[in-house]
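Now for the letters of each chain:
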Amino acid sequence: MWIADQWKDYEVIDTSKGEKLERWGKYILVRPDPQVIWDTPKKERGWKNMNGHYHRSSKGGGEWEFFHLPEQWEINYKDLTFRLKPFSFKHTGLFPEQATNWDWFGDLIRRANRPIKVLNLFAYTGGATLAAAAAGASVTHVDASKGMVNWAKENAAVSGLSDKPIRWLVDDCTKFVEREIRRGNHYDAIIMDPPSYGRGPKGEIWKIEESIHPFIKLCTQLLSDDPLFFLVNSYTTGLALAVLTYMISLELKQYKGHVEAQEIGLPVKSTGLVLPCGASGRWQSDNV
């Protein structure tokens, strides 16, 4: 498992009964987590002194309950700064477990000793975009949500990265990739974090089990002659690590490199165990 264990402003304090107790800077949140199927005693004081609690509804969805929590605040990861604000469906605008991937590809970019162009698809609030830009890459950030792209721009500004070569685009990822192929554009690295399910601007249905392999295949047409890395993130429970590995290795077999897929996770302070938080498939060049 790849573990995001370098955080200072974030930690999973405890887990029990379908929920996780987290510290985001100086604020304590309780949020549901489908992986937490154990029923252990809630001894940590934060369970009774939280600043926000997302209550899941039996009818689907849920709602926040707040206790002295600001509308937004900031936390840092190394040299990066992120603005947080609780919004629909339990999220805060950041997936802390992804830091293990930021460290991995940031190191690759710095070691490459050449200009690196990165394409970040389904780019959300820009964690990967900021990490790549801070490491010295030029980044094209694509997300279908204007609100998410604006949030990512705010994160870049508070991280002191506004002057970095980042292209911000509100677009359907598949349509954008198809246009880039027609334009003859290429990238040295591709990051994708596709949803399990989604709808395109014209009602197109995205189901990751059906769409992910054709999309990976499509994206490889954008790779340069000497690509550096290719990263696929998945939060879909049914997508096995072996499947991730096979899809990526199958479509990048013409390049000299190797593939590995692992669960990504966060350490739990109270137990010393690791909470699984999804999976990542990584291809990297053998030339680094």
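Going by the structure above, here's the rest.
Residues numbered from 1 in each chain as written. Predicted model: local features only at pLDDT ≥ 70, side-chain atom pairs only at ≥ 80, totals over all residues. Heavy atoms only, no water.

What follows concerns the pairing of strand β15 (residues 229-234). With six of six residues buried, β15 lies mostly within the body of the structure. Alternating positions in β15 separate into two faces, Phe229, Leu231 and Asn233 on one and Phe230, Val232 and Ser234 on the other, with burial throughout. Across four bridges, strand β12 (residues 189-192) lies against β15 in parallel orientation. In the sheet register, isoleucine 190 faces β15, and the bridge partner there is phenylalanine 230. (Buried < 20%, exposed > 50% of the residue type's maximum accessible area, 1.4 Å probe, protein only. Helix = DSSP H or I, 4+ residues; strand = E, 2+ residues; numbered from the N terminus. Pairing = 2+ DSSP bridges.)

Between the first and last C-alpha of helix α3 (residues 146-158) there are 19 Å, a value that for 13 residues agrees with the 18 Å anticipated at 1.5 Å per step. Elements that come into contact with the buried residues of α3 comprise β8 (80-84), α2 (127-134), β10 (138-143) and β11 (166-170). Phi for glycine 160, located one or two positions after α3, is positive at around 70°. (Expected span 1.5 Å × (residues − 1). Contact = heavy atoms within 4.5 Å.)

The subject of this paragraph is the sheet that holds strand β1 (residues 2-3). Spatial strand order, β1-β16-β17-β15-β12-β9-β10-β11: eight strands in an open sheet with mixed pairing. The open sheet has two free edges, formed respectively by β1 and β11, since each of these has just one partner strand. Taken strand by strand, helix α1 (residues 99-112) contacts β1, β9 (117-121), β12, β15, β16 (257-267) and β17 (274-285), and its axis lies near 175° from that of β15. Contacting β9, β10 and β11, helix α4 (residues 173-183) crosses the sheet at an angle of about 150° to β9. (Axes fitted to C-alpha atoms, helices over the stretch in contact; angles between N-to-C directions.)

The next point concerns the pairing of β11. A regular strand carries its side chains on alternate faces of the sheet. With five bridges joining them, β10 and β11 adopt parallel strand pairing. For threonine 140, the partnering residue across the bridge sits in β11 and is arginine 167. In this fold, the crossover linking β10 to β11 by way of α3 has right-handed handedness. (Right-handed = clockwise from strand over helix to strand, strands pointing away.)

Moving on to the side chain of histidine 141. Here histidine 141 shows up in strand β10. The class of histidine 141 is buried, set by a relative accessible area of 0%. Here the side chain of histidine 141 touches threonine 129 through a polar contact of 2.8 Å, side chain to side chain. Excluding residues that lie within four positions of it along the chain, histidine 141 makes contacts with Asn120, Ala123, Tyr124, Gly126, Thr129, Val149, Ala152, Ile166, Arg167, Trp168 and Leu169. (Polar contact = N/O pair within 3.5 Å; in protein donor to acceptor, adjacent residues only side chain to side chain.)

Turning next to the sheet that holds strand β5 (residues 52-56). Taking strand neighbours across the sheet as the criterion, the five strands line up as β2-β3-β4-β5-β6 in an open arrangement whose pairing is mixed. Edge strands, defined here as strands with exactly one partner in the open sheet, are β2 (10-16) and β6 (62-66). Averaged over all adjacent pairs, the angle separating strand axes in this sheet is 20°, with direction ignored. Inspection of the sheet shows strand β4 (residues 27-32) paired to β5 by two bridges, in the parallel sense. When the sheet's bridge partners are listed, valine 30 is paired in β5 with histidine 53.

All right, on to the packing of aromatic side chains then. A complete count under the given rule lists 16 aromatic pairs for this structure. Relative to tryptophan 102, the ring of tyrosine 77 has its centre 5.7 Å away and its plane inclined at 70°; by these criteria the two rings are edge-to-face. Here tyrosine 77, found in strand β7 (residues 73-77), pairs with tryptophan 102, found in helix α1; they are 25 residues apart in sequence, far enough to count as distant. Taking the relative accessible area as the measure of exposure, tyrosine 77 reaches 3% and is therefore buried. Their ring planes at 70° and their centres at 5.4 Å tell us that tryptophan 104 and phenylalanine 229 sit as a pair that is edge-to-face. Of the two residues, tryptophan 104 is situated in helix α1 and phenylalanine 229 in strand β15; the sequence distance between them amounts to 125 residues. Taking relative accessible area as the criterion, tryptophan 104 reaches 13% and is therefore assigned buried. (Phe/Tyr/Trp six-rings, centres within 6.5 Å; stacked < 30°, edge-to-face > 60°.)

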